[in-house]
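# Coordinates in review
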Amino acid sequence: QVQLVESGGGLVQVGDSLRLSCAASGRTFSDYAMAWFRQTPGKERELVGRINTGGENTFYGRSSTGRIKISRDNAKNTMYLQIESLKLEDTAVYYCAAQIRPGGSFYETGTFGFWGQGTQVTVSS
């Protein structure tokens, strides 16, 4: 089991930058590829991006842009999501999760498990 806790969300302004953190405990964090998803009311959870176990390779979702960067620090058991130049449409609950199905599609939530409780990001004008 891996326990994941997101933090860093809140109310921000359009154009601000934000860094979310996902802190892991339990089993060895570095054993798992990790991902960020986000969800808005009435919509499915969508992939923001995924990072491999060592942090060298990242994959970003279809709606992600160059404003987003995922990183991890295995020594700190933490993954990060940096979002630059925030837009209104970035408003969502952001979740982190560990990849539990090797070879599964990164776009499928079933590929991931041990979901955190989520952190709300609200972008205002």
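Scope of this entry: the structure provided in the associated data block. Fair warning: this is a prediction, and the values are worked out from it, not measured in the lab.

Once that is clear, we can look at the overall build of the protein. Of regular secondary structure, the protein possesses zero helices and 11 strands. Along the protein, helices (α) and strands (β) appear in the sequence β-β-β-β-β-β-β-β-β-β-β when read from the amino end. Over its C-alpha atoms the protein spans a radius of gyration of 13 Å, differing by no more than 12% from the 14 Å that the globule rule assigns to 125 residues. Projecting the C-alpha coordinates of the protein onto the three principal axes gives extents of approximately 40 × 30 × 25 Å. The long-range fraction of contacts in the protein, counting pairs at least 24 apart against all pairs at least 6 apart in sequence, stands at 55%.

Bringing the pairing of strand 4 (residues 34-39) into the picture now. Judged by how many residues are buried, strand 4 sits mostly within the fold: five of six residues are covered. Looking at chain direction, strand 4 and strand 5 (residues 46-51) are connected through five bridges and run antiparallel. In the sheet register, Arg-38 faces strand 5, and the bridge partner there is Glu-46. Between the end of strand 4 and the start of strand 5, which pair antiparallel, lie six residues, with Gly-42 showing a positive phi angle near 80°. The sheet contact formed by strand 4 and strand 9 (residues 92-99) spans six bridges and is antiparallel. Directly across from Met-34, in strand 9, lies its bridge partner Ala-98.

What follows covers the state of the cysteines. Per the stated rule, a full pass over the model turns up one disulfide. Across the disulfide from Cys-22 sits Cys-96; the S-S distance is 2.1 Å. Negative torsions about the S-S bond denote left-handed disulfides, and the value of about 70° found for Cys-22 with Cys-96 makes this one right-handed. Of the two residues, Cys-22 sits in strand 3 (residues 18-26) while Cys-96 sits in strand 9, which places them 74 residues apart along the sequence. Grouping residues by exposure puts Cys-22 and Cys-96 together as buried.

Of note, Asn-77 is a non-glycine position whose phi angle comes to about 55°, a positive value. You can see Asn-77 is positioned in the loop between strand 7 (68-73) and strand 8 (78-83). Relative accessible area serves as the criterion here: at 32%, Asn-77 is assigned to the partly exposed category. Even without being glycine, Ser-85 reaches a positive phi, approximately 45°. Here Ser-85 is to be found in the loop between strand 8 and strand 9.

Criteria and cut-off values
Here the residue index of a chain counts from 1 through its sequence in written order. Local features in this predicted model are restricted to residues whose pLDDT is 70 or higher, and side-chain atom pairs enter the listing and the counts only when it is 80 or higher, whereas totals over whole chains, interfaces and linings include all residues. The side-chain values count all of the structure's non-hydrogen atoms but skip hydrogen atoms and water molecules. The helix and strand labels rest on DSSP assignments: H or I over at least four residues marks a helix, E over at least two residues marks a strand, and numbering proceeds from the N terminus. For a compact globule the rule gives 2.2 Å times the number of residues to the power 0.38, and the radius of gyration it is set against comes from C-alpha atoms. Pairs of residues are marked as contacts when any of their non-hydrogen atoms sit within 4.5 Å. Each residue is placed in one exposure class: buried if its accessible area under a 1.4 Å probe, protein chains only, is under 20% of its type's maximum, exposed if it is over 50%, and partly exposed if it falls in between. Strands qualify as paired when DSSP identifies two bridges or more between them. When two cysteine sulfur atoms are found within 2.5 Å, that pair is recorded as a disulfide.

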